Amino acid sequence: MIGLGALFLIGAAAVAWVFGHALGFGTFLSRWVPGLVPRLQAFVQSYGWTDAWAQAGAPLMSSPAWLPPALIGLVLFLFGWARRRS
């Protein structure tokens with residue numbers, strides 16, 4: 001898990017370096033896969049709870065593009081570190 005977490009952290013740093021630190025995650029996804037964000041929104045609103053997109057999806061899409069992979073990497077790294085210590 002530590003290796004996978006480190007990979008996500010390196011990927012987050014690469015995204016921030018290549019695309020800039022202020023690029024939104026929704027914009028980043030739309031550049032890579034056009035039409036993904038509206039399809040994702042429709043899926044979440046259809047199969048999730050009623051306010052899922054407004055409370056979680058929209059803030060996530062407006063966050064910087066490097067933040068979601070950095071958070072995933074940090075969580076994986078910390079889980080792996082805690083697992084190794086025990």
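Residues numbered from 1 in each chain as written. Predicted model: local features only at pLDDT ≥ 70, side-chain atom pairs only at ≥ 80, totals over all residues. Heavy atoms only, no water.

(A) Molecular detail of the side chain of Ser63. If you trace the backbone, Ser63 turns up in the loop between α4 (52-62) and α5 (67-85). Residue Ser63 is classed as buried on the basis of its relative accessible area of 12%. Once residues within four sequence positions are removed from consideration, Ser63 is found in contact with Leu23, Gly24, Phe25 and Pro68. (Helix = DSSP H or I, 4+ residues; strand = E, 2+ residues; numbered from the N terminus. Buried < 20%, exposed > 50% of the residue type's maximum accessible area, 1.4 Å probe, protein only. Contact = heavy atoms within 4.5 Å.)

(B) A nonpolar patch on the surface, seen in detail. Residues Leu9, Leu74, Phe77, Leu78 and Trp81 make up a contiguous nonpolar surface patch of about 440 Å² in total accessible area. Element by element, the count of residues in the nonpolar patch is highest for α5, at 4 residues. The exposure class assigned to Phe77 is partly exposed, which follows from its relative accessible area of 32%. (Patch = residues over 30% accessible without salt bridge, like charges linked within 9 Å, V, L, I, M, F, W, Y side chains within 5 Å. Areas by Shrake-Rupley, 256 points an atom, 1.4 Å probe, with all protein chains shown as cover. Salt bridge = Lys/Arg side-chain N within 4 Å of Asp/Glu carboxyl O.)

(C) How the structure looks around the nonpolar core. Of all hydrophobic cores here, the largest spans 9 residues; its members are Val15, Leu23, Phe25, Phe28, Leu29, Val37, Trp53, Met61 and Ala65. Elements with a contribution of two residues or more to this core: α2 (25-32) and α4. For this core, the element with the highest residue contribution is α2, accounting for 3 residues. If near-sequence neighbours (up to four positions away) are discounted, Met61 is found in contact with Gly24, Phe25, Gly26, Leu29, Val37, Leu40 and Trp53. (Core = buried A, V, L, I, M, F, W, Y, C linked by side-chain atoms within 4.5 Å.)

(D) The arrangement of α4 in detail. Within α4, burial applies to Ala52, Trp53, Gly57 and Met61. Seen end-on, α4 carries its buried residues on one side only, within an arc spanning 65°. Seen from the buried face of α4, the exposed residues on the opposite side, beyond 90 degrees, are Ala54, Gln55 and Ser62. At its buried positions, α4 is contacted by α2 and α3 (36-47). (Arc of directions from axis to C-beta.)

(E) Structural context of helix α1 (residues 2-19). Spanning 18 residues, α1 covers 25 Å between terminal C-alpha atoms, matching the ideal 26 Å at 1.5 Å per step. Among all positions in α1, only Gly5, Ala12 and Val15 are buried. Across the axial projection of α1, the buried residues extend over an arc of 80°, all falling on one side. Residues Gly3, Leu7, Ile10, Trp17 and Val18 are exposed on α1 and point more than 90 degrees away from its buried face. In this structure, the buried side of α1 is in contact with α2 and α5. (Expected span 1.5 Å × (residues − 1).)

Treat this as a map of the structure, not an account of what it does.
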